[in-house]
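Observations on the three-dimensional arrangement
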Amino acid sequence: MTADDACRGAGVSRFSTRWVNLASAKLGAAAIRCSDDFFAPMARMLQDQPPVFIDGKYDDHGKWMDGWESRRKRTEGHDWCVVKLARPGVIRGIEIDTTHFTGNYPPAASVDACHHPGDDPDDAAEWREIITQTALRGDNRHAFEVGDRRVYTHIRLNIFPDGGVARLRVYGRPKVDWERLAGAGETGLVDLAAALNGAVALTCNDQHFGSIRNLLTPGRGVNMGDGWETRRRREPGNDWALIALAHCGEIKKVEVDTAHFKGNYPDRCSLQGARLEGGGVPEDLPRLSESWAELLPQVKLQADREHAFEKEIAHIGAVTHIRLNIYPDGGVSRLRLFGIAERAG
């Protein structure tokens, strides 16, 4: 089993290892309004965890479904839902997931996008179609590449004529003024590992209990499930995760948070870093990362605690990628890598 295979359990898509899900509720995206969500609320469609099906579970409106579901349309037209993205950005790919929706999925869907300064676009908003009306299948994940390179703040999912969508994911690059941040120098350290800035968790050797993407999300973890956690290691070695930083920069401060991990936190951790030119990610990145420069030597960790490291950090210059090693296994809630963003050119 490869490292990528070991990470498949958290719902890895072909976009999620390259871009940030700008429609993630955990990052701050919100379903603003919709034409109808009689059977299942629109907000449920933006949840980060994979959709589930609970046999025999019903509520006052009918069968409980993990997603957004409108009633059976008896009039002309189609249903729609407007979503405010977690941060303005360039959209590169969209995933419409109909998992567990079989006799109640929409036969087709399209997606519009706009740039609007407020929470809810008004009638003056200029919507552009970024995905044309396309057929969908039930109980399936549909991935669409987006060629439009404009910055958008909102998307509108249109379903034809009605039905249910388990999850909507909008993958893209958040818009960040890196030139301004780079100009702040030592006085303006920025979290280069924040998903909201564009950092992406690429892969790991194991994430049996919790996704590596949780490491890069805002705030402290709400519970033990809101972090990266590996299975109990029964063989020699240690567990690891690879992260593409939001921007090339020199790391000055590291924060490792083991919130809620008490009997299962790692005994130690370390960091390695590298500067990869050209923006590509080699297929053998896990093997290559083993020889990256040491950024943070092995340091002791404690249960349910925020750890800060500064004087321990080695001066290895600006980096674009980080390898987090945990010894021998366990759970980490958040990883923050504060540094100086490098100027372009």
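The following paragraphs examine the structure supplied in this document.

Each value, and the rule that gives it
- Residues numbered from 1 in each chain as written.
- Predicted model: local features only at pLDDT ≥ 70, side-chain atom pairs only at ≥ 80, totals over all residues.
- Heavy atoms only, no water.
- Helix = DSSP H or I, 4+ residues; strand = E, 2+ residues; numbered from the N terminus.
- Buried < 20%, exposed > 50% of the residue type's maximum accessible area, 1.4 Å probe, protein only.
- Contact = heavy atoms within 4.5 Å.
- Areas by Shrake-Rupley, 256 points an atom, 1.4 Å probe, with all protein chains shown as cover.
- Lys, Arg positive; Asp, Glu negative; His and termini not counted.
- Charge placed at Lys NZ, Arg CZ, Asp CG, Glu CD.
- Core = buried A, V, L, I, M, F, W, Y, C linked by side-chain atoms within 4.5 Å.
- Phe/Tyr/Trp six-rings, centres within 6.5 Å; stacked < 30°, edge-to-face > 60°.
- Lys NZ or Arg CZ within 6 Å of the ring centre and 35° of its normal.

What follows is about the overall build of the chain. Each helix and strand counted, the chain has 3 helices and 22 strands in total. Along the first, second and third principal axes, the C-alpha atoms of the chain reach 65 × 45 × 35 Å. The buried share among the 345 residues of the chain stands at 54%. Across the chain, contacts joining residues at least 24 apart in sequence account for 79% of those joining residues at least 6 apart. Of the accessible surface of the chain, which amounts to about 15800 Å², a share of 48% is contributed by carbon and sulfur atoms. Within the chain, one finds 45 positive and 49 negative side-chain charges whose respective centroids are separated by 1 Å.

Here we come to the nonpolar core. Core analysis: the biggest nonpolar cluster contains 78 residues, and Ile94, Ile96, Ile155, Leu157, Leu168 and Val254 have the highest contact counts within it. Among the elements that take part in this core, strand β16 (residues 239-257) stands out by supplying 10 residues, more than any other. Among residues more than four places away in sequence, those in contact with Ile96 are Ala109, Val111, Leu136, Asn140, Arg141, His142, Phe144, Leu157, Val165, Arg167 and Leu168.

Under the defined criterion, the tally for this structure stands at 2 aromatic pairs. Its guanidinium or amino end placed over the ring of Tyr58, Lys63 lies 5.8 Å from that ring's centre, counting from NZ or CZ. Between the NZ or CZ atom of Arg156 and the centre of the ring of Trp127, over which it lies, the distance is 4.4 Å.

That bond from Phe160 to Pro161 is cis: its omega, -10 degrees, falls within 30 degrees of zero. Within the fold, Pro161 resides in the loop between β10 (151-160) and β11 (164-165). Here Asp304, not a glycine, exhibits a phi torsion of approximately 50 degrees, which is positive. Summarising the element assignment, Asp304 is placed in the loop between β18 (293-300) and β19 (306-309).

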